[in-house]
Each structure stands twice: as structure tokens, then as C-alpha cells.
Amino acid sequence: MFARAIPAAVFARRRRALLARMGPGSIALLPAASETPRNRDVHHPFRQDSDFYYLTGFPEPEAIAVLAPGGEHEFLLFCRERDPHMEIWHGRRAGPKGAMERYGVDNAHPIAEIDKLLPPLLENRERVFYAIGYNPEFDRRMMGWLNQVRGKTRTGVRAPALFVALEHLLHAMRLRKEPEEIAVMRESARIAAEAHQRAMRACRPGRMEYELEAEILYTFIRHGAGWAYPSIVGGGDNSCILHYTENNAPLRDGDIVLIDAGAELDGYASDITRSFPVNGRFSGEQRAIYELVLAAQKAAIDQVRPGRHFNEPHDAAVRTLTEGLAALGLLQGDVEELIKAEQHKPFYMHRTGHWLGMDVHDVGDYKTGEDWRIFEPGMVTTIEPGLYIPAGGKILDAHWARLGVHLETELDERWQRIGIRIEDDVLVTDDGHEILTAAAPKEVDEIEALMRERR
Ligand code: GLY
Ligand code: MN
Ligand code: MN
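Procedures and definitions
Residues numbered from 1 in each chain as written. Chains lettered and ligands numbered in written order. Predicted model: local features only at pLDDT ≥ 70, side-chain atom pairs only at ≥ 80, totals over all residues. Heavy atoms only, no water. Pairing = 2+ DSSP bridges. Helix = DSSP H or I, 4+ residues; strand = E, 2+ residues; numbered from the N terminus. Axes fitted to C-alpha atoms, helices over the stretch in contact; angles between N-to-C directions. Parallel < 35°, antiparallel > 145°, perpendicular 65-115°, else oblique. Left-handed = near helix turned anticlockwise from the far one by under 90°. Contact = heavy atoms within 4.5 Å. Nonpolar A, V, L, I, M, F, W, Y, C, P; charged D, E, K, R; others polar. Donors = N, O, S within 2.8 Å, 3.2 Å for Na, K, Ca; no water. Tetrahedral: all angles 85-135°; square planar, octahedral: opposite > 155°, others 65-115°. Buried < 20%, exposed > 50% of the residue type's maximum accessible area, 1.4 Å probe, protein only. Near = heavy atom within 4 Å. Polar contact = N/O pair within 3.5 Å; in protein donor to acceptor, adjacent residues only side chain to side chain. Areas by Shrake-Rupley, 256 points an atom, 1.4 Å probe, with all protein chains shown as cover. Phe/Tyr/Trp six-rings, centres within 6.5 Å; stacked < 30°, edge-to-face > 60°. Lys NZ or Arg CZ within 6 Å of the ring centre and 35° of its normal.

Undergrad: Break down the sheet that holds strand 23 (residues 433-435) for me, citing the residues and quoting the values.
TA: Within a sheet, neighbouring strands are paired by backbone hydrogen bonds and run either parallel or antiparallel to one another. Strand order in this open sheet of three strands is 17-22-23, and the pairing throughout is antiparallel. The sheet is open, and its two borders are formed by strand 17 (380-383) and strand 23, each paired with just one other strand. Sheet twist, expressed as the average angle between the axes of neighbouring strands with direction ignored, equals 30°. Pairing analysis gives three bridges linking strand 22 (residues 424-428) to strand 23, with the strands arranged antiparallel. Note on strand 23: the bridge partner recorded for Val-426 is Ile-435.

What follows is the structure, given as C-alpha cells:
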């Protein structure tokens with residue numbers, strides 16, 4: 001849901017920054033997202049394209065933004081015309097006039113006129129920036145407009161010589177969050193943290209996974225947010241399926257439930273995972289695994305600060321997890337050898353984090369050249385280590401697997417059906433970090449105390 005929490009001046013500032021980076025002789029084109037059919041005449045809920053929204057704040061489909069530095073009109077928008085009949089059935093439209101009045105557009109035109117009005121804008125430009133290759137329909141139209149310009153070269157018109165992928169400039173901007181974005185992300189995180197607390201309070205043996213999902217969605221929607229990605233609610237063995245979204249099994253006494261759910265507020269995602277006992281009390285084995293993941297998560301979060309690189313949290317998590325698995329007897333051998341052989345991988349097969357922003361797996365490079373990116377203030381990353389021991393308890397030896405030998409250990413029944421992930425959203429600050437999702441309880445005592453208050 002896009003509530004326009006970001007002021008219009010911020011969008012204008014972003015456009016100015018991008019125009020300055022593009023340089024003279026350039027033009028950038030960005031299409032809005034399209035409506036996608038779901039079944040018969042029903043569409044999926046419309047979600048604006050993140051890049052388009054970042055620069056325009058314009059919430060409608062069937063629009064194309066054009067940014068052209070140096071001229072009288074630097075920000076042009078092609079959009080749907082007003083239409084009383086369509087607006088009665090499907091909702092309001094800004095129309096070109098409304099776009100100019102309310103969205104800072106210098107000059108707006110009906111989208112129906114784009115094939116006539118766009119090619120002249122490409123004439124005598126050196127470089128065209130757009131998201132090459134992501135949208136086949138837009139690629140095709142782009143080539144059509146280019147060929148229209150080429151058709152006029154004998155009249156002295158020059159066609160653009162360079163097509164440049166827009167994301168390098170734009171995604172570098174999106175990676176470092178502005179104060180206005182951080183404010184919205186804090187609120188998105190606060191809502192998601194409240195949702196996880198509500199789900200903990202509602203949980204008890206016999207409830208269905210989808211009942212906890214309902215508590216989560218209720219909290220998102222009552223705060224004017226939506227979901228950033230389909231919520232994962234997995235009890236027992238389902239807690240070991242990383243992207244489980246069926247959410248249709250009963251929650252059983254003695255099992256763990258893992259909830260990975262984040263809100264989307266005005267286009268900004270939060271991304272939280274909490275894992276807790278269905279009956280409100282961790283068993284000895286559940287607690288041992290949980291405390292280990294929590295220690296790994298804290299060690300990883302400690303690495304999030306200016307000057308550290310993106311992979312340092314992952315290295316810290318892997319070290320803590322491997323030491324802990326060895327201490328519990330779930331891995332055997334020398335810790336340094338185990339780390340070198342990546343023996344954590346059968347228990348922990350994903351990475352420790354990703355950029356977070358308008359997209360849950362947000363844009364921005366993870367490396368500059370060969371080197372991991374150094375954290376800078378304004379970047380936001382998730383920190384989400386986990387350990388997963390499914391039913392059957394069969395753990396493949398990672399070292400032998402790489403050599404093509406299938407060697408499994410079978411862990412005792414009491415360790416099985418335990419999937420634990422603990423995920424927070426962490427902002428890099430000038431002197432360290434801020435955990436945006438800190439309001440979601442994660443200490444064993446806090447979780448057990450909260451669950452004792454259940455309704
Ligand atoms: N919820 C998706 C993720 O944690 O990456
Ligand atoms: Mn995540
Ligand atoms: Mn997540």
C-alpha cells in the first residue's frame with residue numbers, strides 16, 4: 001500500500017540527483033508496473049514498480065516517466081487520461097493535469113500519445129538510460145521508437161548511440177537510505193514487530209498455521225500496511241522448509257513454529273523471522289538450538305557498522321554456529337577444519353542477510369569489483385542466521401558431498417523437526433547500527449513470558 005508518507009520534495013530531490021549523474025545529452029525512461037491478470041477478470045493487487053515509484057511517487061499503472069536533463073521540461077510523464085466512466089468502476093486517476101499539479105511533473109501527456117511524442121524526445125540524444133532486458137514488451141517498444149528516429153537520419157537527425165542500463169546509477173542511490181526513507185522503514189519494522197508479538201500471543205496447540213498468519217495480516221492492515229512478501233508460518237517439520245507458504249497445517253504441542261513475515265508500508269519492506277515453541281515453553285533441545293542461533297545472530301549484528309564489509313556478519317554467524325554445533329555434538333571434529341569444510345551447510349544452507357528497502361531483497365551491489373561492499377551509514381541489511389534439522393534427522397556431510405560421496409549422519413529423534421531462524425532488520429548508523437525490529441521479542445525468557453500472557 002502506498003500512502004505517500006514520503007513528501008513530494010524528496011522525489012524531486014532524487015530526480016535532480018539522477019539527472020545530475022546522467023549528464024547532458026542523456027534521457028532516461030521508466031515504465032510503471034502493469035496490472036497482471038489473476039483469473040478471468042480479476043487482477044492481482046496492483047503494486048507499483050519500485051524504481052518508478054522511487055523517482056515519481058506516482059501510483060498508477062499505464063504510465064511512463066521520462067527524465068531529460070537540461071531542457072525546459074526535465075520530468076515528463078505519460079499517463080492515463082481521466083475517464084468518468086472508468087473512474088466510477090475502477091477508481092480515480094490523476095490524468096495529465098493532476099500529474100502536473102500533484103506529482104511535480106513538468107509536462108504530462110496522455111499515454112495514448114506516446115508513440116507520436118516520444119521518438120522526437122530521443123532525437124540528437126547521446127545516451128538512453130533504461131532497465132534493459134527486464135520487460136520484453138517495453139524493450140520492443142523502445143526499439144520501435146529508436147527505429148522511428150533512425151528513419152529520420154537523412155534529415156540530419158542523430159539517433160542515440162548508447163543504451164545504458166539504468167540500474168547502476170539508480171540502485172546505487174536506493175542502496176543508501178535517506179532520512180525520510182529510514183523513518184518509513186522504522187515504522188514498517190515497528191508494525192511487523194507488533195504483528196509477531198500478536199502471533200506469539202495467539203499461538204497454542206491445535207491452532208492452524210493460517211490462524212497465526214491471520215493475526216499477522218490483521219496487524220499489518222490495521223496500520224495501513226500490507227505484506228512485503230507472502231508470510232511463512234511453519235510448525236514442526238514445516239519450520240525446516242525455508243520458503244514454506246502453504247500455512248495450512250495444525251500446530252502441535254511440543255513443536256516449534258517459525259514465522260517469517262514482514263510488512264510493506266508506503267513501498268518499504270520490513271522482514272522479521274521469529275521461532276518459538278507452540279506451547280510456550282522451549283524443550284531442552286529446542287532451547288539449545290535456539291540459544292545457538294541467537295548467539296550467532298548477535299555475533300553477526302555486531303559486525304554491522306561502518307568500515308566492516310557485507311560478508312563479515314556471515315563469517316561471524318558461521319563461526320558461532322559451527323562452534324556451537326560441535327559443542328552440542330552435532331558436528332564432530334576440529335572447529336577450524338569444520339569451518340574450512342563448510343560443514344554448517346547441511347544445517348544452515350542460506351546466507352546471513354540481504355539489503356532491505358523498497359524490495360525485500362533490495363537492490364544494490366554486494367561487491368565492488370572483487371571485494372565485498374563496505375557498510376556505510378544509511379544502508380539497511382537483514383541479519384538472519386538459522387539452523388534446520390528436519391524429520392528423519394539425516395545430515396549430509398558437506399565435505400564428502402563436494403567430492404561426490406554421499407555420507408549421511410542420522411541425528412537422534414529429539415533433535416528432529418526443529419527449524420530456527422531469527423531475523424532482524426539492521427540500519428548502519430554513523431557509529432554502529434540500529435536494530436529497526438528490536439520490538440519483536442527474541443530472548444528465550446521474553447518469548448516465554450509473553451506467551452504466558454496468552455488470551
Ligand atoms: N523473507 C525472505 C527472506 O527472509 O529473505
Ligand atoms: Mn530476509
Ligand atoms: Mn524473512
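Undergrad: How would you sum up the packing of helix 10 (residues 284-301) against helix 11 (residues 312-327)? Please name residues and give values.
TA: At a minimum axis separation of 8 Å, helix 10 and helix 11 run at an interaxial angle of 155°. Judged by the inter-axis angle, helix 10 sits roughly antiparallel to helix 11. Every pair of crossing elements has a handedness; the one defined by helix 10 and helix 11 is right-handed. Along its contact with helix 10, which presents Leu-292, Val-293, Ala-295, Ala-296, Ala-299 and Ala-300, the element helix 11 presents Pro-313, Ala-316, Ala-317, Thr-320, Leu-321, Gly-324 and Leu-325. Broken down by class, the residue content of the contact of helix 10 with helix 11 amounts to 11 nonpolar, two polar and no charged.

Undergrad: Hey, could you go over the coordination of the manganese ion (ligand 3) for me, with residue numbers and the actual values?
TA: Geometrically, a metal with four donors at the corners of a regular tetrahedron has ideal angles of 109.5 degrees, and one with six donors at the corners of a regular octahedron has ideal angles of 90 or 180 degrees. Asp-260 (OD), Asp-260 (OD), Asp-271 (OD) and Glu-423 (OE) make up the full set of protein donors to the manganese ion (ligand 3), lying at 2.0 to 2.4 Å. Coordination at the manganese ion (ligand 3) is irregular: its six donor atoms span angles of 56 to 168° at the metal. Donor residues for the manganese ion (ligand 3) sit on one chain with the sequence pattern D-x10-D-x151-E. The metal-metal distance between the manganese ion (ligand 3) and the manganese ion (ligand 2) comes to 3.3 Å, with Asp-271 coordinating both. You can see Asp-271 sitting in the loop between strand 13 (268-269) and strand 14 (272-277) and its partner Glu-423 sitting in the loop between strand 21 (418-421) and strand 22, a full 152 residues away along the chain. In this structure Asp-271 comes out as buried when scored by relative accessible area, which is 3%. For Glu-423, a relative accessible area of 0% puts it in the buried group.

Undergrad: Before we move on, can you summarise the site of ligand 1 with the specific residues and values?
TA: Neighbouring ligand 1 are Tyr-229, Asp-260, Asp-271, His-354, His-361, Glu-384 and Glu-423. Between ligand 1 and Asp-260, the relevant distance is 3.2 Å, taken from a nitrogen atom to a side-chain nitrogen or oxygen of the residue. Taken by itself ligand 1 offers 200 Å² of open surface, and the protein chains cover 90% of this. Residue composition of the shell around ligand 1, grouped by class: one nonpolar, two polar and four charged.

Undergrad: Account for the packing of aromatic side chains, with residues named and values stated.
TA: All chains considered together, the criterion is met by 12 aromatic pairs. Note on Phe-282 and Tyr-290: the rings are 4.9 Å apart at their centroids and 50° apart in plane angle, and the pair reads as tilted. Ring geometry for Phe-310 and Phe-375: centres 6.2 Å apart, planes at 55°, overall tilted. Separated by 65 residues along the polypeptide, Phe-310 in the loop between helix 10 and helix 11 and Phe-375 in the loop between strand 16 (371-372) and strand 17 bring together distant segments of the chain. Connected via pairs of aromatic rings, a cluster forms that spans Phe-310, Trp-355, Tyr-366, Trp-372 and Phe-375. For the cation-ring pair, Lys-367 lies above Trp-372, with the distance from its terminal atom to the ring centre recorded as 4.7 Å.

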